[in-house]
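# Topology and contacts: notes
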Amino acid sequence: MIMVKMKQPDSERTPTGIYGFDDLTLGGLRKGRDVLLYGECGVGKTVFCIDYLYKGATEYGENGIYVTDEELTGDIRKNAGSFGWDLKKLEDEGKIAVIETRDLWITDISDLSTEYGLGNLLKDITGMAKEIGAKRVVIDTIWGLLRELREPTAVRRGIFKIMDTLEKLGCTSILTSEVGESGLSHESRTAVFLADGVISMHRKSWGAHHVREMEVEKMRSCEHIFGRHPFFITPKGIFVFPLSTRFIKYKKYGLGEKKGRGIERTSIDIPKFMNLLSGKLPRGYNILLSGGVGTNASSFAQGILYDGLKKGESCLLVNTHQPSNAVREFMAEIGMDTEPYESDDGKLLFFDDYVGKQIGRELLIDIFSNPLMMGYIMDRWWRDKKPEHFRWSVNSLTVLIGMSKREDHADVDVASLERFLYDRVRKIRDLGGLGVYTINEAAHSKNLINQIRNMMDMVIDLEVTDNKTSMRIAKSRGIISNHDWHPYEIVKGKGIVLS
Ligand SMILES: Nc1ncnc2c1ncn2[C@@H]1O[C@H](COP(=O)(O)OP(=O)(O)O)[C@@H](O)[C@H]1O
Ligand SMILES: [Mg+2]
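Predicted model only: the values in this text are computed from it and were never measured. (Residues numbered from 1 in each chain as written. Chains lettered and ligands numbered in written order. Predicted model: local features only at pLDDT ≥ 70, side-chain atom pairs only at ≥ 80, totals over all residues. Heavy atoms only, no water.)

## What about the pattern of salt bridges?
To keep things clear, this is the line we draw: We define a salt bridge as a side-chain nitrogen of Lys or Arg found within 4 Å of a carboxyl oxygen belonging to Asp or Glu. Numbering goes from the N terminus for both helices and strands, where a helix is a DSSP run of H or I of at least four residues and a strand is a run of E of at least two. Three exposure classes are used, based on accessible area relative to the maximum for each residue type with a 1.4 Å probe and protein chains only: buried under 20%, partly exposed in between, and exposed over 50%.
Following the criterion strictly, the structure yields 37 salt bridges and no others. Glu91 serves as the salt-bridge partner of Arg77, at 2.9 Å between the closest nitrogen and oxygen. Of the two residues, Arg77 sits in helix 3 (residues 73-81) while Glu91 sits in helix 4 (residues 87-92), which places them 14 residues apart along the sequence. Arg77 sits in the partly exposed class, given a relative accessible area of 30%. In this structure, Arg361 engages Asp352 in a salt bridge whose closest nitrogen and oxygen atoms are separated by 3.9 Å. Owing to a relative accessible area of 43%, Arg361 belongs among the partly exposed residues under this scheme.

Shown next, in the form of structure tokens:
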């Protein structure tokens, strides 16, 4: 009988736990393999490694070893401490071990008995890995470790030996390498060939504005998202924002072929609003509220979401330029009390509170300046909640367009906004939600406005003349509607009132 040894499936992954990174890689690092992480000095390699080991030990039950060449154990602890991570405690609990190699002068890769031998160090790592049952290893930096090796062949063999040892231990490892202005050093290039995966970190700046970017350059036999994506080092650790929302696996969630589409319907029960339509709205509908200053487009959008809350739907309210407290107060004043819907697992979430809690408010401006980052967060909200029914509103597109056009964000332009919007509109259709977007058309070119109006299922125009506000349904896909202008008012305690 022939025994066939089953190999582990190639796609088995180790989630790092680093925000956004596991979506960028569509699952995490390849289990039991090694990646090379390279980038300029100060770009964030060491923070990434600490984050990786910390999340492993605290969230995934995977212990780890930190082999540090540049910094001493105390420095690493301090560094971790600046993110609120108590490394010393994890060391005491036997979950993380730090091995310092700064005083090691490796000149011989096979020497097993002296401090000059790589073999000796690998023996230490192996012993430690067995002792604490390590599943993650970081070598920061690989070049520092092998700095004394002069011969390129020795370096190559050294790197190979390290990777081989770590793979045999079954550890998922990160090896870091510094790059200078002249690019990758010879040693790093060798590591690029040998490593199973390669990730690079970059820095970009325009004037006073700086952004860090990350790219997964290679991950053998694994699907991942291509290109450079922004990441931030915040007091809570590393946050990566894949500018692609491909991580929502349509098949996995049974989406894409909406069962009840066109049959399952919903309504917007703002008094008299439904009278303007021949029937209910299909689920998966996008509504543009187009109105300038004084038309109360924001309140209109909030009213549509509040109606959803009353029907038990989950709502995400994105206010680009009003802090949630101000919106909350104003909504309460006109009869939309949000409090009952905002408990911990509440149905209503204000986008900036969500960002504040998960990431930190200091990134809000960066997020509003790059709608694709916003899109990623909105999709995460959906994935985390998986609401049966939901509505979201983006108030306002005008502010987003303005922010995207800023000169210091030269690579984030109107095209990103359109891409963001196209993606939102499609997600609403595929996921069966209701999307509401406000815009002040006077602030934009006709061309852009036409494109946005085209994407939408319903367009409601709002106008103010002589202090009187009126609205009309300019377009409603699939439903017959009354196109006349109708006066409306925002009434204290009552919300939007049509007459
Ligand atoms: N607690 C922190 N909060 C915010 N940013 C931090 C914090 N700690 C470090 N950083 C940022 O990380 C940078 C250092 O990154 P590091 O990972 O040491 O770079 P590398 O290892 O690539 O040389 C610092 O220059 C700083 O910008
Ligand atoms: Mg470093």
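Next, the rest of the story.
## Regarding empty space enclosed by the protein
Our working rule: A cavity, in this analysis, means grid points on a 1 Å lattice covering only the protein atoms where a 1.4 Å probe fits yet has no way out; a pocket is instead an open set bounded by protein on both sides within 12 Å along at least five of seven lines, and a residue lines either one if it has an atom within 4 Å of a point. Grid points are joined across faces, edges and corners, and a volume is the space filled by probe spheres set on the points.
With the rule as written, the count across this model stands at one cavity of 30 Å³ or more. The computed volume of the largest cavity comes to approximately 30 Å³. Ile50, Leu53, Tyr66, Leu87, Ile96 and Val98 are the residues that line the largest cavity.

## Re the pairing of strand 8 (residues 197-206)
Two faces make up the sheet, and in a regular strand the side chains alternate between them. What counts here: Any two strands between which DSSP finds at least two bridges are classified as paired.
Counting buried positions along strand 8 gives seven out of ten residues, so the element sits mostly inside the fold. Examined bridge by bridge, strand 3 (residues 34-39) and strand 8 share five bridges and lie parallel to one another. Within the sheet, the bridge partner assigned to Tyr38 lies in strand 8 and is Ser200. Of the strand pairs in this sheet, strand 8 and strand 9 (residues 209-219) are connected by ten bridges, and their pairing is antiparallel. The residue bridging Lys204 from the neighbouring strand is Val211, located in strand 9.

## Some points on the sheet that holds strand 7 (residues 172-178)
Spelled out, the test is: For helices, the axis comes from a line fit to the C-alpha atoms of the stretch in contact; other axes are also lines fit to C-alpha atoms, and the angle between any two N-to-C directions lies between 0 and 180 degrees.
Spatially, the nine strands line up as an open sheet ordered 5-4-6-7-3-8-9-10-11, and their pairing is mixed. The sheet is open, and its two edges are formed by strand 5 (96-100) and strand 11 (237-240), each paired on a single side. For this sheet the average axis-to-axis angle between neighbouring strands, irrespective of direction, equals 25°. Across four bridges, strand 6 (residues 134-140) lies against strand 7 in parallel orientation. Counted as the bridge partner of Val138 is Ile174 from strand 7.

## Focus on the nonpolar core
Our working rule: Here, the term nonpolar core denotes a set of buried Ala, Val, Leu, Ile, Met, Phe, Trp, Tyr and Cys residues that are joined through side-chain atoms within 4.5 Å. Domain start and end points were adopted from an automatic or database domain assignment. Throughout, a contact is declared for two residues whenever any of their heavy atoms are within 4.5 Å.
If you look at the biggest cluster of nonpolar residues, it comprises 83 residues, and the most contacted ones within it are Phe241, Phe351, Met374, Ile377 and Tyr437. When we break this core down by domain, the ones giving at least three residues each are domain 1 (13-240) and domain 2 (265-498). Excluding anything up to four places from it in sequence, Phe351 contacts Leu316, Leu317, Val318, Ile367, Phe368, Met374, Ile377 and Met378.

## Examining the site of ligand 1
Selection rule: By convention in these notes, a residue is near a molecule or strand provided one of its non-hydrogen atoms lies within 4 Å of it. Whenever two N or O atoms come within 3.5 Å, that pair is a polar contact, provided that in protein one can donate a hydrogen and the other can accept it, and provided that, for residues adjacent in sequence, both atoms are side-chain atoms. For the accessible areas, the method is Shrake-Rupley and the probe is 1.4 Å, while residue cover comes only from the protein chains on display.
Around ligand 1, a shell composed of 13 residues is seen, among which Gly42, Lys45, Thr46, Val47 and Ser82 lie nearest. Thr46 places a polar side-chain atom, nitrogen or oxygen, 2.8 Å from an oxygen atom of ligand 1. The separation between a nitrogen atom of ligand 1 and a polar side-chain atom of Ser82 is 2.8 Å. Contact with the protein chains hides 68% of the accessible area of ligand 1, taken as 580 Å² for the molecule alone. Taken together, the elements giving at least two residues each to the shell around ligand 1 come down to helix 2 (45-59) and strand 10 (228-234). The greatest single-element share of the shell around ligand 1, amounting to three residues, is contributed by helix 2.

## Regarding unusual backbone geometry
The amide bond that connects Asp140 to the next residue, Thr141, takes the cis arrangement and shows omega of 0°. The topology assignment puts Thr141 in the loop between strand 6 and helix 6 (142-145). That bond from Asn395 to Ser396 is cis: its omega, 10°, falls within 30 degrees of zero. In this fold, Ser396 is placed in the loop between strand 17 (390-395) and helix 14 (397-404).

## Here's the deal with the environment of His202
Looking at where His202 falls in the secondary structure, it is placed in strand 8. Separated by 161 residues in sequence, His202 and Cys41 have C-alpha atoms that sit 9.9 Å apart. Beyond its immediate chain neighbours, meaning those up to four positions away, His202 contacts Val43, Val211, Arg212, Glu213, Glu215, Glu217 and Arg228.

## Some words on the domain arrangement of the protein
We count it as follows: Accessible surface is computed with a 1.4 Å probe, and the buried area is the amount of it that two parts give up when combined, taken over both parts together.
Domain assignment breaks the protein into domain 1 (13-240) and domain 2 (265-498). The distance between the C-alpha centroids of domain 1 and domain 2 comes to 43 Å. Tallying the contact residues gives 13 residues for domain 1 and 18 residues for domain 2. Here domain 1 and domain 2 share an interface that buries about 1300 Å² over both sides, 54% of which is from carbon and sulfur atoms. Between domain 1 and domain 2 we count two salt bridges in total.

## Describing the environment of Trp392
Mapped onto the elements of the fold, Trp392 is located in strand 17. Between the alpha carbons of Trp392 and Ala301 there is a distance of 9.3 Å; along the sequence they are 91 residues apart. Among residues more than four places away in sequence, those in contact with Trp392 are Leu305, Leu316, Met378, Asp379, Trp381, Arg424, Lys427, Ile428, Leu434, Gly435, Val436 and Tyr437. Polar contacts involving the side chain of Trp392 include one to the side chain of Tyr437, which spans 3.3 Å.

## Quick word on the sheet that holds strand 14 (residues 285-290)
Spatially, the nine strands line up as an open sheet ordered 16-15-17-18-14-19-20-21-22, and their pairing is mixed. A single partner strand is all that each edge strand has here, and the edge strands are strand 16 (348-350) and strand 22 (495-498). Strand after strand, the sheet turns through a mean of 20° between neighbouring axes, direction not considered. Inspection of the sheet shows strand 19 (residues 458-465) paired to strand 20 (residues 468-476) by eight bridges, in the antiparallel sense. Directly across from Val459, in strand 20, lies its bridge partner Lys475. On top of the sheet, helix 14 reaches strand 14, strand 17 and strand 18 (434-439); it is set at about 65° to strand 18, its chief contact.

## With respect to the packing of aromatic side chains
What counts here: Each aromatic pair joins two rings of Phe, Tyr and Trp (for Trp, the six-membered one) with centres within 6.5 Å, and gets the label stacked for planes under 30 degrees apart, edge-to-face for over 60, and tilted for any other angle.
If you walk through the whole model with that rule in mind, you get 13 aromatic pairs. Judged by centre distance (6.2 Å) and plane angle (90°), the ring pair of Tyr19 and Tyr376 falls under edge-to-face. With Tyr19 in the loop between strand 1 (13-14) and helix 1 (21-24) and Tyr376 in helix 13 (residues 371-385), this residue pair connects regions lying 357 residues apart in the sequence. Accessibility assignment for this pair places Tyr19 and Tyr376 in one class, buried.

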